Amino acid sequence: FNHNYEVKLQAEKFLHQKVADYKAHPIVVEKSTSVYDAIVQLFLEDVGTLYAVDGEGQLAGVISRKDLLRTAIGNKNLNELPVSVIMTRMPNIITIKPDETLLEAAKKMISNHIDSLPVVKELEQKTDTYLLIGRITKTTITRAYLEIMDQKLG
Ligand code: ADP
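Quantities reported herein were computed from a predicted structural model and do not represent experimental measurements.

Conventions and cut-offs
Residues numbered from 1 in each chain as written. Predicted model: local features only at pLDDT ≥ 70, side-chain atom pairs only at ≥ 80, totals over all residues. Helix = DSSP H or I, 4+ residues; strand = E, 2+ residues; numbered from the N terminus. Buried ≥ 20, exposed ≤ 12 C-beta atoms within 10 Å, placed from the backbone. Core = buried A, V, L, I, M, F, W, Y, C linked by C-beta atoms within 7 Å. Contact = placed C-beta atoms within 7 Å. UniProt positions renumbered as here; feature names shortened; annotations may be inferred. Pairing = 2+ DSSP bridges. Axes fitted to C-alpha atoms, helices over the stretch in contact; angles between N-to-C directions. pLDDT = per-residue confidence, 0-100. Parallel < 35°, antiparallel > 145°, perpendicular 65-115°, else oblique. Left-handed = near helix turned anticlockwise from the far one by under 90°. Nonpolar A, V, L, I, M, F, W, Y, C, P; charged D, E, K, R; others polar.

**Topic: the overall build of the protein chain**
Each helix and strand counted, the protein chain has five helices and six strands in total. Secondary structure elements of the protein chain, listed N to C terminal, follow the sequence α-β-α-β-β-α-β-α-β-β-α. For the protein chain, the spread of C-alpha atoms along the three principal axes comes to 65 × 40 × 25 Å. Burial analysis of the protein chain (154 residues in total) assigns 24% to the buried set.

Okay, structure coming up:
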């Protein structure tokens, strides 16, 4: 009984953790960056997804591994093609706020079939304009799960 109860408590604790406490650094490129340079960046930073920002540092797009692969098999000149042409754009980007929970992040990723979420702050004056402050990935969720479930039970 005690063991089960403990597992339940830890699991609950896990679900209520805040995005703010687990978010990772976002890897960003300027939206004018070429697809070629974005692919190089993906390898250098060892990530699966890049975020594109505009001149003011606001979130403009999401570029996934498969977005880049799809473009690379169909195009000759990846140096001439800016990521802005191939990225998933606002307002179609699924975002998360720092005060939301890991449970909400996990639900958004699963229901939208995506691997990561940009963590954003909404700018007060403009709607649909977001300042990019981090990222949450499926790896983030798995790591948090291990950390918390391991605390007492490991
Ligand atoms: P991959 O395409 O490498 O499997 P994802 O599953 O994360 O990676 O991405 C699937 C598609 O969804 C891609 O076209 C990508 O641009 C888009 N995408 C990824 N993350 C988001 C997001 N947070 N909001 C909206 N679209 C996204």
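Okay, back to it.
**A closer look at the nonpolar core**
Side chains that are nonpolar tend, in soluble globular proteins, to be buried together. Ranked by internal contacts, the top residues of the largest apolar core, which has 27 residues, are Ala 38, Leu 50, Ala 52, Leu 59, Ile 63, Val 83 and Ala 105. Among the secondary structure elements, those contributing two or more residues to this core are helix H2 (35–45), strand E2 (49–53), strand E3 (59–64), helix H4 (102–112), strand E5 (116–122) and strand E6 (130–137). Dropping the residues within four chain positions of it, Ile 63 is found in contact with Ala 38, Thr 49, Leu 50, Ala 52, Leu 68, Val 83, Ile 86 and Met 87.

**Structural notes on the UniProt feature "domain: CBS" (unreviewed entry) in the protein chain**
Mapped onto this numbering, the UniProt entry annotates "domain: CBS" (unreviewed entry) at residues 22–81 and 87–151. This span, residues 22–81, is 35% helix and 23% strand, and a straight line between its end C-alpha atoms measures 34 Å. Taken end to end, residues 87–151 comprises 38% helix and 26% strand; its first and last C-alpha atoms sit 39 Å apart.

**Quick notes on the sheet that holds E3**
With mixed pairing, four strands are arranged side by side in an open sheet as E1-E2-E3-E4. Since the sheet does not close on itself, it has two edges, and those belong to strand E1 (28–30) and strand E4 (88–89), each with one partner. Packing of H2 onto the sheet brings it into contact with E1, E2 and E3, and relative to E2 it is tilted by some 130°.

**Considerations on the environment of His 25**
Mapped onto the elements of the fold, His 25 is located in the loop between helix H1 (2–15) and E1. On the basis of neighbour counts, which here come to 10 C-beta atoms within 10 Å, the residue His 25 falls in the exposed class.

**Some points on the confidence of the model for the protein chain**
Close reading of the predicted structure is inappropriate where its pLDDT is low. Model confidence for the protein chain is summarised by a mean pLDDT of 92, while 97% of its residues fall at 70 or above. In the predicted assembly, ipTM is 0.96 and pTM is 0.92.

**A closer look at the packing of H2 against helix H3 (residues 65–74)**
The N-to-C vectors of H2 and H3 enclose an angle of 135°; their axes lie 11 Å apart at closest approach. The orientation of H2 relative to H3 falls into the category oblique. Here H2 runs over H3; the crossing is left-handed. Residues Val 35, Ala 38, Ile 39 and Leu 42 of H2 pack against Arg 65, Leu 68, Thr 71 and Ala 72 of H3. By residue class, the composition of the contact of H2 with H3 is six nonpolar, one polar and one charged.

**Let's talk about the environment of Leu 9**
Mapped onto the fold, Leu 9 is located in helix H1. Note: C-alpha distance between Leu 9 and Met 149 (140 residues apart in sequence) is 9.4 Å.

**Describing unusual backbone geometry**
Put simply, Met 90 and Pro 91 share a cis peptide bond, and its omega is 5°. Tracing the backbone through its elements, the reader meets Pro 91 in the loop between E4 and H4. Positive phi, normally seen in glycine, also occurs at Asp 46, with a value near 55°. Mapped onto the elements, Asp 46 comes out in the loop between H2 and E2. A count of 7 C-beta atoms within 10 Å places Asp 46 in the exposed class. A positive phi angle is found at His 113, which is not glycine, with a value near 55°. Tracing the sequence through the fold places His 113 in the loop between H4 and E5.

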